[in-house]
Each structure stands twice: as C-alpha cells, then as structure tokens.
Amino acid sequence: MSQALGGRHDKPGRMDESEQLKQVEPGQVRIAEPGCHQRGIEQQQWCIGGGDNRLTLADRLGCPVAVTQPAAGMAGMDRGQGQSSAGHIHRDRTELERRARAGQAVDRGASPVQRQSMTNPARNALIARLPKAELHLHIEGSLEPELLFALAQRNGVSIPFDSVEAVRAAYSFSNLQDFLDIYYQGMSVLLTEQDFYDLTWAYLERAADDNVRHVEIFFDPQGHTERGVAFDTVVDGIERALKQGEAELGISYRLIMCFLRHLSEDEAFATLEQALPHLHRIHGVGLDSSEVGHPPAKFQRVFAKARELGLHVTAHAGEEGPPEYVHEALDLLEVERIDHGNRALEDAALVQRIAEEGLTLTVCPLSNLRLCVIGDIAESPVRRMLDLSLKATVNSDDPAYFGGYINDNFRAIADALDLSEAEIVKLVENSFTGSFLPMADQIQHLAEIAEVAGGR
Ligand code: ADE
Ligand code: ZN
C-alpha cells in the first residue's frame, strides 16, 4: 500500500516514561475546573484509554454506539446488520455508556464563558465586530449533542443517552486522553456524505455569527476509514459545505488532514496514499490525538513526503507533551506553525527561536481549561506569549466539547488576562498572517481589521 509513497517505514515511537500523561493524581489536582479532579479517581477505575496508547483505534471505537439497523445510503460501508459501527470489536462498557449510566451531571456552576463574559461590554463588542480566522478547529469536535442525536436517529445508531443535557453533562474531562476516548466514540454517528456536510455546515453557520472570515479545518480521516466510511465520503461532504460557505457566507477555507499519532507510521502513509487523488482539495497535513508517547519523530518520513507533495504542514505539539516535542515538530517535521505550543514556554531557547522565526501558535484557551492543561483560564499561555512577542492566535479546537466557539474563547481570555484592545487586535491580525492564505488576501483582511479597530 505504502509503496507508491516510498515503501514501509517501521520505526517505533519512543515512550518516555517520565513524560507519561500528566495524569491527574488524587491529591495533585488543580481546582479551578471541577472536571479536572472530579474525574481523576474515576478514570483510574473505568477509563478504557487513560493514556494507554496501546489500544487500537478499533478498540477505541468499539461499540459506544451499536448500529441497530443498517443505515440507508451508507456509501463504502462494509458490515453486516447488528455489527458495531466500529466493525468487529465489542466492549462491555464504553466510556459513553459508563457516563450515561453514571448520570454524570456534575454541577460545574457557571461555565467559564458565563463567568467571564459579562465584565466589559465595549471589549466584547470589539471582539464580535473584528473579522477573524480560525486556524485550529477539528471538524469532528464541532459535533454538538443536538446533531449527534439527530444523526444517530437518521442513521439508526443507538447512543446511550436519553437527552442532550445528559450528553453535555458527560463532557467532563481530566486530560487529553479522557476527552479523546469520547471524541472518537462520538464520531460513530457520522456515516454518510450528508452527515459530513451537515456537520461542517453547522460549524460554518456558527462561525459566521462570530465574524470568522477564513477557516483552516482539521479532519481525522482515520477515525472514519477505520469504521468503514470511505475517504471520499468524508472529503466530499466536508468540501461541499466549505464551498457553500465560501459562496454564501463569504468564509474562505483550507482543509487539513490530520494523522492520528497513536496509530503507526505505516497507517499514516496509507492515509496519505488514500489522499493522493484528493490533493487538489486537501491543502495540508497535521498531527493530532494522544501526544505523550508519540513524538513528532515517529512521523518524520510521512511529513517529508507530504511536504514533497506540496502540502502545508502543521502539528499539535506541547499541548501535554514536553518542549522537546515542539523542537522535533520544527526540526524533523518542519512545520509551518505549532498547534497549541503551551509547553514551549518552558524552554527559553525555544521561545527565542519561535519569536525569531515568527512562528504562529494556535492556542485554544477553553480547550486548555477543559483538558486541565491549565488550572484556570487566567493561566492561559496567551498572556505570556503576547508579552514575549510570540505570534499567538485564539481558536476553539473542539467547540462542542469544550463549551465555546471562537468568540467565547476571546471573551474568556480578554477578561481573565485583561487584554487591551490593541492586544485583541494583534491576536486577530495574527490569525490571518499565520494562515495559509496568499499574502494579498492577508493584506485585505488586515485592512478590514484596521478599519474596524480604527472605528472603535
Ligand atoms: N483531536 C481533537 N482535539 C485534539 C486536541 N486538542 N489535541 C490532540 N488531538 C485532538
Ligand atoms: Zn486540536
């Protein structure tokens, strides 16, 4: 399979014991976000992933939502009636089911967004009016519980929740892996081209409300092809919505295909090969999923091939992983920007390099809070990045799971970090200059920002 791309590349990922997931130990927790410690103990008892990256994707997808009837119009599906949407492997108790049974309605009080957004109406109005680009958005992470329910019904997929509220209540995470277990299971309702279109269109309409003018969207093909959904089905649906969004909402776009880093290099090569007939409509590659234990080095050769094919390259680095992973993303993958990059701040030489090279960091404040990367929104790295003249941007990552879209993220940090209007303007400027748009388009967006900012 991977021969056309240069043969097999077996190279095991390094597992640095000392850098295992920043598991939240009982007694070691930060308290600002209730989910960060409330889920810590439970997770040790039940969580199927819990940072154990030896699980295959099929394991992860194993029967969170069993298909009770074959769905109509399932292009590319190859499974019999009654099989799980993941294919073959069934698991008695999935993370979604466990949460549903536990009725996990954690009283989280006011959400960070609710707590933060009332304090400065003028600043909030500026945030709303400014045109912006979103550079870090996983389209599968924009699957709102309402759409999850609707798609489950349309496709005859059963889910272990009886209300949208129950789903939302289960979205309480103590680390990245904890979230990913749910995220992959949620994907199981996405089966047809129409599903991927509906998902993407819903995000675009919501983004338009926030004055988003350009999006660079991640998608995870391996999360779908492993379930028997054809690569074309995924890209066709997403692209149809993106084209419509450009025509009707004035939102330009780039599409970035991510490799799941907990899977093998060979599987990444196979995915790149599947993408070959679609290279006219895929603009870049990214690297996401469980970070710790899966350093960028594992994907050096597949990224080299992607660059050779003319694709843009970016990678999640320094979300939970150490600064060394950011170094590797730069040195070995030759990324054009860094997704998250929080832990780069631990390394002064790295900070200097990021500043000197003008590299863009796609920071996701509410994601960081919900995944316990930070203990409080006031700890968002955006403050230090701005102070260090690093090119930070603000993004929503997986808004359906983390409780806020891009303007919610802006408002949350604007209040918590007491951002000046000039700093907010800088952040939206960075979103365009850090994008993969041609320079002429960037300049046009900057002019519009200046107009809006000048009139404040
Ligand atoms: N996939 C979706 N969201 C992610 C995140 N925040 N980090 C890594 N992989 C992801
Ligand atoms: Zn992400």
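Residues numbered from 1 in each chain as written. Chains lettered and ligands numbered in written order. Predicted model: local features only at pLDDT ≥ 70, side-chain atom pairs only at ≥ 80, totals over all residues. Heavy atoms only, no water.

(A) Inspection of the overall build of the chain at higher detail. In terms of helices and strands, the chain carries 21 helices and eight strands. Counting only residues that meet the buried cut, the chain has 63% of its 456 residues in that class. Of the roughly 16,400 Å² that the chain leaves accessible, carbon and sulfur atoms contribute 49%. (Helix = DSSP H or I, 4+ residues; strand = E, 2+ residues; numbered from the N terminus. Buried < 20%, exposed > 50% of the residue type's maximum accessible area, 1.4 Å probe, protein only. Areas by Shrake-Rupley, 256 points an atom, 1.4 Å probe, with all protein chains shown as cover.)

(B) Molecular detail of the coordination of the zinc ion (ligand 2). Here the zinc ion (ligand 2) is held by H136 (NE2), H138 (NE2), H316 (NE2) and D397 (OD), and the distances to it run 2.0 to 2.3 Å. Along the chain, the residues that donate to the zinc ion (ligand 2) are spaced as H-x1-H-x177-H-x80-D. Each of the two residues, H136 as well as H138, counts as buried. (Donors = N, O, S within 2.8 Å, 3.2 Å for Na, K, Ca; no water.)

(C) Examining the pattern of salt bridges more closely. Within the structure shown, the criterion is met by 23 salt bridges. Across the salt bridge formed by R123 and D418, the nearest N and O atoms sit 3.0 Å from each other. One end of the pair, R123, is in helix α5 (residues 121–129); the other, D418, is in the loop between α19 (406–416) and α20 (421–433), and 295 residues separate them in sequence. Overall, the relative accessible area of 7% leaves R123 in the buried class. Residue class for D418 comes out exposed when judged on its relative accessible area of 56%. One salt bridge connects E193 with R240, and the closest N-O pair in it is separated by 2.8 Å. Of this pair, E193 sits in helix α9 (residues 193–209) while R240 sits in helix α11 (residues 231–249), placing them 47 residues apart in sequence. A relative accessible area of 33% means that R240 is categorised as partly exposed. Connected via shared salt-bridge partners are R206, D210, D408 and R411. (Salt bridge = Lys/Arg side-chain N within 4 Å of Asp/Glu carboxyl O.)

(D) Main features of the packing of helix α6 (residues 145–155) against α9. For the pair α6 and α9, the least separation of the axes is 11 Å and the interaxial angle reads 165 degrees. The angle between the axes of α6 and α9 places the two elements in the roughly antiparallel class. Here the hand of the crossing between α6 and α9 comes out right-handed. Counting all contacts with α6, which are made through L147, L151, R154 and N155, the residues of α9 involved are Q194, D195, D198 and L199. Partitioned by chemical class, the residues of the contact of α6 with α9 number three nonpolar, two polar and three charged. (Axes fitted to C-alpha atoms, helices over the stretch in contact; angles between N-to-C directions. Parallel < 35°, antiparallel > 145°, perpendicular 65-115°, else oblique. Left-handed = near helix turned anticlockwise from the far one by under 90°. Contact = heavy atoms within 4.5 Å. Nonpolar A, V, L, I, M, F, W, Y, C, P; charged D, E, K, R; others polar.)

(E) Inspection of the packing of aromatic side chains at higher detail. Counted by the stated rule, this structure contains twelve aromatic pairs. Summarising the aromatic geometry, the rings of F179 and Y183 are spaced 5.1 Å apart at their centres and angled 40 degrees between planes, so their arrangement reads as tilted. In this pair, F179 and Y183 both sit in helix α8 (residues 176–186), four residues apart, roughly one turn of the helix. The cationic tip of R337 hangs over the ring face of F436; the distance from NZ or CZ to the ring centre is 4.0 Å. (Phe/Tyr/Trp six-rings, centres within 6.5 Å; stacked < 30°, edge-to-face > 60°. Lys NZ or Arg CZ within 6 Å of the ring centre and 35° of its normal.)

(F) Up close: the confidence of the model for the chain. Summing up the model confidence of the chain, the mean pLDDT is 81 and the portion of residues at 70 or higher is 74%. Taken as a whole, residues 37–93 scores under 50 in pLDDT and shows 157 contacts with residues more than four places along the chain or in a different chain. (pLDDT = per-residue confidence, 0-100.)

(G) Examining the packing of α5 against α19 more closely. Between α5 and α19, the least distance of the axes is 10 Å, while the angle of their chain directions is 150 degrees. When the axes of α5 and α19 are compared, the crossing they make is right-handed. Residues R123, N124, I127 and A128 of α5 pack against N407, F410, R411, A414 and D415 of α19.

(H) Structural context of the side chain of R337. With respect to the element layout, R337 can be found in strand β6 (residues 337–340). A relative accessible area of 0% places R337 in the buried class. A polar atom in the side chain of R337 sits 2.8 Å from the backbone oxygen of G434. R337 has contacts with L135, E216, I256, V313, T314, A315, T360, T362, G434, S435 and F436, leaving out every residue within four places of it along the chain. (Polar contact = N/O pair within 3.5 Å; in protein donor to acceptor, adjacent residues only side chain to side chain.)

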